[in-house]
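A structural walkthrough
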Amino acid sequence: MRANNSSPIGRRSESAVDKNQQAQSALHQDAVAQCKLAERLSAAGRHEEAILAYDAALLLQADEPSIHNDLGNALQKAGRLDEALDAYRHMLLLSPQNALAESNIGSVLQAQGEIELAMQRYQVALAIAPDFAAAHFNLGTCKLLLEKVDESLVHFSAAIRCDPSFYLAHNNLTTTLSRAGRIDEATEACRHALAINPQWNEMHSNLLFSLTHNAAITPARLLEEHLHFGRQFEAPLQSAWPQHANKRDPDRVLRVGFVSADLNNHAMANFITPVLEHLMHATHLEIHVYCNNRVDDDTTAYLKGVVRQWQAIQALSDQQLAEQIAKDGIDILIDLSGHTGSNRLLAFARKPAPIQMTWMGYPMTTGLQSMDYYLTDRYFSPPGLLDEQFTEKLLALPACAPYVPSPEAPEIAAAPALAHGHLTFGSFNRANKLSREVIAGWSALLRAIPLARMVVGAMPSEQFRNMLLGWFAEEGITAERLNFHDITSTSDYLGLHRLVDVCLDTWPYNGGTTTLHALWMGVPTLTMAGKTLQSRVGATILGHLGLTQFIAQDLSDLIQKGQELANDLDALVKLRMSMRTRLANSAAGQPALIAAGLDSALRTAWQRWCAGLPTVPFEADPSQSSLAKRAASLHALYSVNVDAALLLAIEHHQASRFAEAETLYLAIIHRQPQHAIAHHNMGLLATQLGYHDKSLPHLRAATLAHPDEMQFVLSYAQALLHAGQADTAVDVNYRP
């Protein structure tokens, strides 16, 4: 009996075990299915739905560390950082000494701004797994945020050594070397990366950008490098170029698209914003913006209020972007990036629009056959001088870019030469323009003028400052003659011009924004015109202002001109106070004129396409634009008393002549960027016309200029309410 009784019990026990194993297997399979679903959702950007799927998987298999990790990733992408941190910590409890968990905890802490704590976690991860490429990369990024450039480079190099195919590590290594002014090393690093994967188009753009800073490369060789980019990436796409079905009507409304990754607090946004503001008044243009920003900010929000047809394109592939542009029926597509970061040149390489142009973002050809025109001006590229360096035809505007002074700019200070009796040179250019050759040239000038001193601003780190000190010392220039300043706020940076009589330009990549800011602060720039576009920026700006005495042809000429300035300080002092008038009256100081030129250029290019004519170089005629009268009126206001213009603007406003009122208000603001009443009334006008988002910057400017004026405060609060920003409106009204 016992034997008989034992046998059935054993069989029932084995059956129960089998069923339990089957159940566990089924749960595992269900969990795996939920994870696969979550992966697909996350890949599609549907992170919240992915989180729900991972939660379901954890209900089925709560002790699986990888699911907690994947949940953390989804939470992090959804911006739920505290919850992501909890998920990674749960993973670490289930799997102690897990380098991936430690690194991911560090990535959340880094995103929360806890850089020191994040670095501790990355270091723990590397102690566990010394060849963990992602941890090296993240630690290098943190070191870079702390301006520890050399240490960051060590970790980026280590990440590449651990994983040669790690593109982001290659990208950070090359861009960090470039920003540190180590151009030759950056170029070598780009070539090394492309040897690993020749299809990395963004790395190829990094290479081209670094080569534009190389003084040794010839114009012909630089062009060939750009043409190679076209052969590599564009040529395979040419057979699939569409037959454009855009209606060939030379006089119809044109759909014009702008593509940029810099429509935020960036120099490009400062240049393009005033042009877009005026283009919105063109009678036969419909403006579209394709924004590839990595980061949006207040500038982005303002521009969205200016241009209604706005699409964020970060998530679109180049093929998808080209299809969207074609679907939108864009007639003329304008690139604002060239070979700079986050460009979308491979979308242009698919020729989604009948006419394509590139402008402002990059001072060299794109190398693409699909790009029809490069927008320039007659000083930037005099007819016939640089044409052979471009695949595009050169189209001359009144000026290649506009300048609108910063509202934070202080008044022009007296020339320091008056107090010191000697010349003080200066530079505020970014670090990667300050090559060893540039320092040698500046030093030659300082040796030729023994009493002269030099201010060098925009220093990114102590390491870089010490490197420059060493280079100057090698050239016989002592530290006592040099005054260094770190990167600082816009207002402080502009204020530093009080210490400078004349700025010195860099080469072969000249300053642009810095040269314009210096002129507004009364400081001319001594430049050396070169044989490529990027080495003619300084000559272009000074040419527009009639300051040809500051344009040298070579280093010996630059030294001679510097000596002449040192021997005639009185002339330099007199020139200083006239600089703002010169700039305001130049084409570069008239955004409305540039917009009129662009409007006319777009129409001419379109009419040629409609007639089946080839692209040719030509100069735009702003007088043919519907914006011509607007540009002329704004320019005329420079010689009109602001108070009289304000009275006339108010009269137009009260009589519902809104276009005339707007023109006058904007002109006054251009003349006096902090004019509170003009800002306030412009904001009210925008609100009356239903453009609540567009009104907010003007009303805010009025309250900042006169915070005690209750009418300004109330108008701003009411506009915020109309814009759906009730909480902000309450904060504005609350005045303790």
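Here's what I pulled together on the structure shown here. Here, residues in each chain are numbered from 1, in the same order as that chain's written sequence. Whole-chain, interface and lining totals are the exception, using all residues; otherwise, since this is a predicted model, local features are given only for residues with pLDDT of at least 70 and side-chain atom pairs are given and counted only at 80 or more. Heavy atoms throughout the structure, all of them, feed into the side-chain values; hydrogens and water do not.

1. Re the overall build of the protein chain
- Helix numbers and strand numbers start at the N terminus; a helix is a DSSP run of H or I with at least 4 residues, a strand a run of E with at least 2. Scanning the protein chain from terminus to terminus reveals 33 helices and 14 strands.
- For the radius of gyration, the atoms used are the C-alpha atoms, and the globule rule reads 2.2 Å times the number of residues raised to 0.38. A compact globule built from 736 residues would reach a C-alpha radius of gyration of about 27 Å, and the protein chain, at 30 Å, matches this within 12%.
- Contact criterion: two residues are considered in contact whenever any of their non-hydrogen atoms come within 4.5 Å of each other. In the protein chain, once contacts between residues fewer than 6 apart in sequence are set aside, the share between residues at least 24 apart is 65%.
- Working definition of accessibility: Shrake-Rupley area with a 1.4 Å probe, residue cover restricted to the visible protein chains. Total accessible area computed for the protein chain in this model is approximately 32,200 Å², and 52% of it derives from carbon and sulfur atoms.

2. Considerations on the packing of aromatic side chains
- In this scheme Phe, Tyr and Trp rings, the latter by its six-membered ring, pair at centre separations within 6.5 Å, and the angle between planes marks the pair as stacked below 30 degrees, edge-to-face above 60, and tilted otherwise. The full count for this structure, using the stated rule, is ten aromatic pairs.
- A ring pair is formed by Phe229 and Phe233, whose centres lie 4.9 Å apart and whose planes are at 45 degrees; its orientation type is tilted. Note that Phe229 and Phe233 are positioned in helix H12 (residues 219-234) at a spacing of four residues, about one turn of the helix.
- Categorising residues by exposure relies on relative accessible area from a 1.4 Å probe, with only protein chains included: less than 20% of the type maximum marks a residue as buried, more than 50% marks it as exposed, and the intermediate range marks it as partly exposed. With relative accessibility at 1%, the residue Phe229 sits in the buried group.
- A relative accessible area of 7% means that Phe233 is categorised as buried.
- Look at Tyr373 and Phe618: their rings are 5.8 Å apart centre to centre, the planes differ by 80 degrees, and that puts the pair in the edge-to-face class. Here Tyr373, found in strand S6 (residues 373-377), pairs with Phe618, found in strand S14 (residues 618-619); they are 245 residues apart in sequence, far enough to count as distant. Assigned by exposure class, Tyr373 and Phe618 land together as buried.
- Among the aromatic residues, those joined into a cluster by ring pairs are Phe137, Phe156 and Phe166.
- Two limits define a charge over a ring: the Lys NZ or Arg CZ must be within 6 Å of the ring centre, and within 35 degrees of the ring normal. Against the face of Trp609 rests Arg248, its NZ or CZ located 3.7 Å from the ring centre.

3. Structural notes on the pairing of strand S1 (residues 254-260)
- Extensive coverage of S1 is indicated by the burial of six of its seven residues.
- Only strands that DSSP links by at least two bridges are regarded as paired with each other. With four bridges connecting them, S1 and strand S4 (residues 332-335) associate as parallel partners. Bridging from a neighbouring strand, Phe258 pairs with Ile334 of S4.

4. What to know about the sheet that holds strand S5 (residues 355-359)
- Strand order across the open sheet formed by eight strands is S3-S2-S1-S4-S5-S6-S7-S14, with parallel pairing between neighbours. The open sheet has two edge strands with one neighbour each: strand S3 (309-312) and S14.
- Bridge count between S6 and strand S7 (residues 393-397): five bridges; the pairing is parallel. Paired with Asp377 across the bridge in S7 is Leu397.
- Across the sheet, helix H13 (residues 267-279) is in contact with S1, strand S2 (285-291) and S5; its angle to S1 comes to roughly 165 degrees. Each axis is a line fitted through C-alpha atoms, taken for helices only over the stretch in contact, and angles between the N-to-C directions span 0 to 180 degrees.

5. Remarks on the side chain of His204
- Looking at where His204 falls in the secondary structure, it is placed in helix H11 (residues 201-211).
- On the basis of relative accessibility, which here comes to 4%, the residue His204 falls in the buried class.
- Every residue in contact with His204, bar those within four places of it in the chain, is listed here: Leu194, Glu225, His228, Phe229 and Phe233.

6. Comments concerning helix H21 (residues 513-520)
- Counting buried residues in H21 gives seven out of eight residues, a clear majority hidden from the surface.
- If you check which residues of H21 are buried, you get Thr514, Thr515, Leu516, His517, Ala518, Leu519 and Trp520.
- In this structure, the buried side of H21 is in contact with H13, helix H20 (490-495), strand S11 (502-504), strand S12 (525-528), helix H22 (537-544) and helix H25 (579-585).
- With its phi angle positive at about 90 degrees, Gly522 sits one or two positions after the end of H21.

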